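Understanding the architecture of this molecule
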Amino acid sequence: MKLNSEQPVPLYRQLKNDLLHEIISGSWKPGQKIPTEAELSRQYQVSRITVRRAIEELCMENYLSKHQGKGTFVRYHKIQRKLIHTLMSFSRSCKSNGMACETKCLSKKRILLDQETADEMGWFPGDEVIYTQRLRYADGVPIMLENNYFPGDRFAFLLEEPLDESLYDLLSGKYHIQVTSSRESYVDVVRANGVIAKQLQVPIGEPLFFLFTKNYDQNGRLVHMGKQYILGERYRFYLDDMEG
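Description of the structure in this document. Predicted model only: the values in this text are computed from it and were never measured.

1. What about the overall build of the protein?
Secondary structure summary: the protein contains seven helices and 10 strands in total. The buried share among the 244 residues of the protein stands at 44%. Of the contacts made within the protein by residues no fewer than 6 positions apart, 58% connect residues no fewer than 24 positions apart. A total accessible area of about 13500 Å² is found for the protein, and carbon and sulfur atoms account for 49% of it.

See the structure below:
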């Protein structure tokens, strides 16, 4: 494979366009390691400086990412979600980004609140809640570890549900509970501990978004408090400029 040095388009840009075609066409899959600079240099019969510039531009444009000592990899497509849309479900976020959503329910049980969680909910230690933990996938890759706490007296029915589909669709369609508002929500950046790293299939210390939410229904009653751990490499919160 050889580039045309007689074209007005610089060689590095010709190479960049060819590599970009490999990514967009799906010939190179997300997460796949691409050939080394030396291999690409031989393949395209150009200098390593030309290869390096093409790769650097693709990294800057978020098509590729370099990992020290490991190589250069095709970036995963990130799920885009507006920062103000804390009520948007994970299922809907995936759908809006053209990705297939799957859910695995890891736990659903009655628990008694400890002091810290009770303070966060504005309840009392020892109050009973329904705790659910689910692992959320996008295109077959684990993206979010979801932990929700529901008032026990009102949401005991969740223990009988499979919880392998959209929670908000279940609540609205079957139980006429509309999640309409969110308060005290925020996003932090944390690192995966051993338990979370194992569930999300990432190394310990992997950067994660931590999304804290308290969501309410159409009558102003608490539906759940959520503590969600989201894979930073595959997720992006963004904020549009406000209209003046």
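2. Notes on the nonpolar core
Formed by 17 residues in total, the largest nonpolar core has its most connected members in Leu15, Leu19, Ile34, Leu40, Tyr44, Ile55 and Leu64. Where this core is concerned, the elements lending two or more residues are α1 (11-24), α2 (37-44) and α3 (48-60). If we skip the residues at most four places from it in the chain, Leu40 touches Leu19, Ile34, Pro35, Gln45, Val51 and Ile55. By size, the runner-up hydrophobic cluster in this structure holds 13 residues, among which are Ile130, Leu170, Ile177 and Val179.

3. A look at the pairing of strand β5 (residues 128-138)
Counting buried positions over the 11 residues of β5 gives 10, a clear majority of the element. For strand β4 (residues 101-112) and β5, the ladder comprises 11 bridges, and the chain directions are antiparallel. When the bridges of β5 are listed, Arg110 appears paired with Ile130. Bridging between β5 and strand β6 (residues 141-151) involves 10 bridges; their strand directions are antiparallel. The partner of Arg134 across the bridge, within β6, is Glu146. Here β5 hands over to β6 after two residues, with Asp139 in that stretch at a positive phi of 50 degrees.

4. Brief notes about the environment of Ser41
Within the element layout of this structure, Ser41 appears in helix α2. Residues Ser41 and Arg52, 11 residues apart in the sequence, show an inter-C-alpha distance of 9.3 Å. Excluding residues within four positions of it along the chain, Ser41 makes contact with Val46, Ser47, Arg48 and Val51.

Criteria and cut-off values
- Residues numbered from 1 in each chain as written.
- Predicted model: local features only at pLDDT ≥ 70, side-chain atom pairs only at ≥ 80, totals over all residues.
- Heavy atoms only, no water.
- Helix = DSSP H or I, 4+ residues; strand = E, 2+ residues; numbered from the N terminus.
- Buried < 20%, exposed > 50% of the residue type's maximum accessible area, 1.4 Å probe, protein only.
- Contact = heavy atoms within 4.5 Å.
- Areas by Shrake-Rupley, 256 points an atom, 1.4 Å probe, with all protein chains shown as cover.
- Core = buried A, V, L, I, M, F, W, Y, C linked by side-chain atoms within 4.5 Å.
- Pairing = 2+ DSSP bridges.

Everything listed is a geometric property; what it means functionally is a separate question.
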